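Architecture at a glance
So the chains spell out like this:
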Amino acid sequence: MPLTRSKSLPSTDAMAENGGSDRQNLSSGRSVAGILHKWTNYGKGWRSRWFLLRDGILSYSKIRRPENVKMLSPSDDVRLIGDNSTDRLSRMYSCSGRGRRKHHKTIGIVHLKVSSYRESKSDNKKFYIFTANKTLHLRTDSRSDRAAWLQALASTRRILPLQSISGDFSFVSPKDLSISTERLKKRLRENGINESLVKECEEIVDSEFSEVQEQIKLLHEERTKLLDALKQLEMANLEAEASGIHESVYQLPNHNYSSLRSGKYSECSTSASSDVFEDISEEDEPSFHDTIECFSEPDAGSENMHFKRRTRLPDPAEKEKGVSLWSMIKDNVGKDLSRVCLPVYFNEPISSLQKCFEDLEYSYLLDQAYEYGKSGNSLLRALYVAAFAVSGYASTEGRHCKPFNPLLGETYEADFPEKGIRFFSEKVSHHPTVIACHCEGKGWKFWGDTNLRSKFWGRSIQLEPVGVLTLEFDDGETFQWSKVTTTIYNILLGKLYCDHHGTMQIRGNRQYSSTLKFKEQSILDRNPHQVNGFVEDVTGKKAATVFGKWNDSLHYVSGDAFNKASASLLWKSTKPPPNVTRYNLTSFAITLNELTPGLEEKLPPTDSRLRPDQRHLEKGEYEKANEEKQRLERRQRMSRKIQESGWRPRWFEPQGESESYKYTGGYWEARNERRWDDCPNIFGEFTEEIADCA
């Protein structure tokens, strides 16, 4: 068998120059094979797989046992990539010689005609292949092996356009089909059949043929649509390459293959790209089975943009000083916490407006809910909505500092194209304190307002959310819920911690609603943060049971029976960042107050990122932060007077007598035009005379 082993390969430019020889090698039937490490899921991590590239199709199979690998026939002209592949192949043939060879089982196929790929920016051994319903994360043993695989993929892609699908099939048009009854009539007349019966037989034949012709017409239309779709996929890939668009930017519509989700263990799935992917379940294991998992390298989310979001806060400019708790507690027991003047030491460098956006960290759950509902799976939509409602609490783990209380009229925007969402929030009332927000995603809208009632009891702080959150999908299905109570314990003595407790009712306007119980943590509780609940239909019948922890993950089991062994994963929290500060911000929260390149000149003067005390705290300039906080709190005390004098929110309006607020629109349009004439500089100098004129 003619086997060759790949050595160090040239760069991409050199690969382009050698395109002619590559085409000749691959088009003549030569295949490429080798071992690649494929990311499967968080439970299994990287697993070795045997990959074979042949005739524009990349297939892979397990190699846990040598007899499971596809045996190459002696007539195969294959180029092996990697020393590990050669060694494994030798052992494989040795095993087959002893009669251990079994039937090959392919577990994945990728059609390269309508796929895309790219190399990793942060790891010189990693690359990705994008398909219509998932992304393959692949890793080689060396940099040269990765170059070899990328060269093979590039060579195959250059050959595929030569094999255009436009003329591969021939199919007669229904208009060209006809039938003659002359022979039938002649035979009937020869047998003495009278003319009226001959005519009746002719009409029967014509009628039957018309029905057949109609069926052929429908098949012809379906075939035409299929060919048009394949041509569009082919041309889209060719245009993307010809125009120099980065492969990671080019994406085709995401198709929902619900049948794949019913497998026992789906492999890693992330953002969609461009292919038809056929996959079967992994090994049978009595563990939790993932319905959807995400895996990305640190810079993957920012590659669709012109900048990379930060991964850590600035280093502090000063050494932080402690604060005496007793001096401030004795005069404030039982008071509304929002009216207690706390030193900046107790704040974290984000505002409550930005804190609202943290609830959207796992917005991909709503993208999944939208897709499942679109495909007709209303139960999974309701389950993913429940997972989203729980996921918003994960960022509170270990967060002991208070966000900045926004000024009246303060706003915050978040445009995250890598997540496909745009968020906006505004403080619409000072007394009572109300924050309204609005977010638009892929096929859904999310909005709500929160009036947070807080009490400071000396040993603990209790936060009672008042307000309704609404999620509306493009097909008209809506879900509404309110948040549960949050309590922060051990303010004076012991380990400081927070807990969420109460019952959350997620009400749907169609088939399903959910009930989630956040268990209150007791002193001796060794299994805290528990969430349990169920999804029920309109008749009150339980359709699924959910369980998990609000700081970690949420699983579900279909039906009323509760069996953890058959549970599927809905959501899992991301790992904490490596650069932990005393604020314990998540990787997502670290990006919220960042002034990315070119952003400051686009923002209105009311945006939280421009708030000076918050910016000084982020930089570790604690003295300046305290001074600015005291100055702005003097202005804050005038807010009630301003509000009573007729002040109205700029971007939200109250809805009747319900005291809820809804986005009126126009913010992003004003942003595009830099039209902020009616947005005051609320963080600038302020006097009581200005308040009187407001």
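Above this text is the structure in question.
Scope of this entry: the structure provided in the associated data block. (Residues numbered from 1 in each chain as written. Predicted model: local features only at pLDDT ≥ 70, side-chain atom pairs only at ≥ 80, totals over all residues. Heavy atoms only, no water.)

Another aspect to go through is the side chain of threonine 433. Residue placement: threonine 433 occurs in the loop between strand 15 (421–429) and strand 16 (434–440). Within polar-contact distance, the side chain of threonine 433 engages the backbone oxygen of histidine 430 at 3.2 Å. Those residues in contact with threonine 433 that lie beyond four places of it in its chain are Asn405, Lys427, Thr450, Asn451 and Leu452. (Helix = DSSP H or I, 4+ residues; strand = E, 2+ residues; numbered from the N terminus. Polar contact = N/O pair within 3.5 Å; in protein donor to acceptor, adjacent residues only side chain to side chain. Contact = heavy atoms within 4.5 Å.)

The two faces of strand 5 (residues 78–81) match: Val78 and Leu80 on one face and Arg79 and Ile81 on the other face are all buried. Examined bridge by bridge, strand 2 (residues 31–41) and strand 5 share four bridges and lie parallel to one another. Residue alanine 33 lies in a different strand from strand 5, and its bridge partner there is leucine 80. (Buried < 20%, exposed > 50% of the residue type's maximum accessible area, 1.4 Å probe, protein only. Pairing = 2+ DSSP bridges.)

This part is about the nonpolar core. Residues Phe357, Phe446 and Trp481 are the most contacted members of the largest nonpolar core, which totals 67 residues. In terms of residues, this core owes the most to one element, helix 11 (residues 378–391), which gives eleven residues. If near-sequence neighbours (up to four positions away) are discounted, phenylalanine 446 is found in contact with Leu360, Phe388, Cys437, His438, Cys439, Leu469, Thr470, Leu471 and Trp481. Ranked by size, the runner-up nonpolar core spans 21 residues in total, among them Leu36, Phe51, Leu112 and Phe127. (Core = buried A, V, L, I, M, F, W, Y, C linked by side-chain atoms within 4.5 Å.)

Before going further, it helps to spend a moment on the pattern of salt bridges. Inspection of every chain in the model, using the stated rule, returns 24 salt bridges. For aspartate 315, the salt bridge identified is with arginine 312, shortest N-O distance 3.1 Å. Under the relative-accessibility criterion, aspartate 315 is labelled exposed at 56%. Note on arginine 312: relative accessible area 43%, which makes it partly exposed. For arginine 399, the salt bridge goes to glutamate 348, with nearest N and O atoms at 3.0 Å. With arginine 399 in the loop between helix 11 and strand 13 (402–404) and glutamate 348 in strand 12 (residues 347–351), the pair connects residues that are 51 residues apart, well separated along the chain. Neither arginine 399 nor glutamate 348 differs from the other in exposure class; each is buried. (Salt bridge = Lys/Arg side-chain N within 4 Å of Asp/Glu carboxyl O.)

What follows covers the side chain of aspartate 449. Residue position: aspartate 449 is located in strand 17 (residues 444–456). For the buried aspartate 449, no salt bridge is present, and the opposite-charge side chain at shortest range is lysine 662, 11 Å distant. Within the structure, the side chain of aspartate 449 is placed 2.8 Å from the backbone nitrogen of tyrosine 661, a separation counted as a polar contact. Apart from residues lying up to four places away in sequence, aspartate 449 is in contact with Val434, Ile435, Ala436, Val466, Gly467, Val468, Glu659, Ser660 and Tyr661. (Lys, Arg positive; Asp, Glu negative; His and termini not counted.)

Before going further, it helps to spend a moment on the pairing of strand 17. Bridge count for strand 16 against strand 17 is seven bridges, and the pairing is antiparallel. Counterpart to alanine 436 in the pairing with strand 17 is aspartate 449. As paired elements, strand 17 and strand 19 (residues 469–473) share five bridges and run antiparallel to each other. Note that in strand 19 the partner of phenylalanine 446 across the bridge is leucine 471. Alignment of strand 17 against strand 18 (residues 461–466), held across six bridges, turns out to be antiparallel. The partner of arginine 453 across the bridge, within strand 18, is glutamate 464.

Tracing the backbone through its elements, the reader meets lysine 113 in the loop between strand 6 (106–111) and strand 7 (116–119). By relative accessible area, which is 23% here, lysine 113 ends up partly exposed.

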